[in-house]
Amino acid sequence: YANEFLKPENVVWHGIYQAQPEWDYDSRFVAYTLKNKESYEDLYIAFNGSNIATDVEIPTTSAHRQWTWLIGSMPAPKIDKKIKRNLKLFLSWKT
């Protein structure tokens, strides 16, 4: 299972916007999605190395499911219903 899950096509890199990683020297935010095409259980992982809160576009899931906040240095943000319907979630947090 692990050999299949970690193939390059199952990893999508992000910056503060979905599928737009920022690899420049000044970037303090990086994120990626691990996609499981069989079970559609995606895992989104993000790191904000800045001391400034960052607004982030959370990607849609493979099966358009709702994301669940698992762990972070801040409490889970409140997400309004309109944003949930549009499946584009914007969160703000800092490390």
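Residues numbered from 1 in each chain as written. Predicted model: local features only at pLDDT ≥ 70, side-chain atom pairs only at ≥ 80, totals over all residues. Heavy atoms only, no water.

## Section: the overall build of the protein
Then comes step 1: A count of helical and extended segments in the protein gives two helices and five strands.
Then comes step 2: In sequence order, the secondary structure elements of the protein are arranged as α-β-β-β-β-α-β.
Then comes step 3: Looking at the 95 residues of the protein, the share that counts as buried comes to 27%. (Helix = DSSP H or I, 4+ residues; strand = E, 2+ residues; numbered from the N terminus. Buried < 20%, exposed > 50% of the residue type's maximum accessible area, 1.4 Å probe, protein only.)

## Some thoughts on the sheet that holds strand E2 (residues 29-34)
Then comes step 1: The strand order across the open sheet built from three strands is E1-E2-E3, with neighbouring strands paired in antiparallel fashion. Each edge of the open sheet carries a strand with a single partner, namely strand E1 (11-14) and strand E3 (43-48). In this sheet, neighbouring strand axes are inclined to one another by 15 degrees on average, regardless of whether the strands run parallel or antiparallel.
Then comes step 2: Where E2 and E3 come together, six bridges link them in antiparallel fashion. If you follow Phe29 over to E3, its bridge partner there is Asn48. (Pairing = 2+ DSSP bridges. Axes fitted to C-alpha atoms, helices over the stretch in contact; angles between N-to-C directions.)

## Points about the nonpolar core
Then comes step 1: Listed in full, the six residues of the largest apolar core are Phe29, Ala31, Tyr44, Val56, Ile58 and Trp67.
Then comes step 2: Only E2 and strand E4 (54-58) provide two or more residues apiece to this core. (Core = buried A, V, L, I, M, F, W, Y, C linked by side-chain atoms within 4.5 Å.)

## Here's the deal with the side chain of Thr54
Then comes step 1: Within the secondary structure layout, Thr54 lies in strand E4.
Then comes step 2: Judged by its relative accessible area of 15%, Thr54 is buried.
Then comes step 3: Side chain to side chain, Thr54 and Asn48 meet in a polar contact 3.1 Å long. (Polar contact = N/O pair within 3.5 Å; in protein donor to acceptor, adjacent residues only side chain to side chain.)

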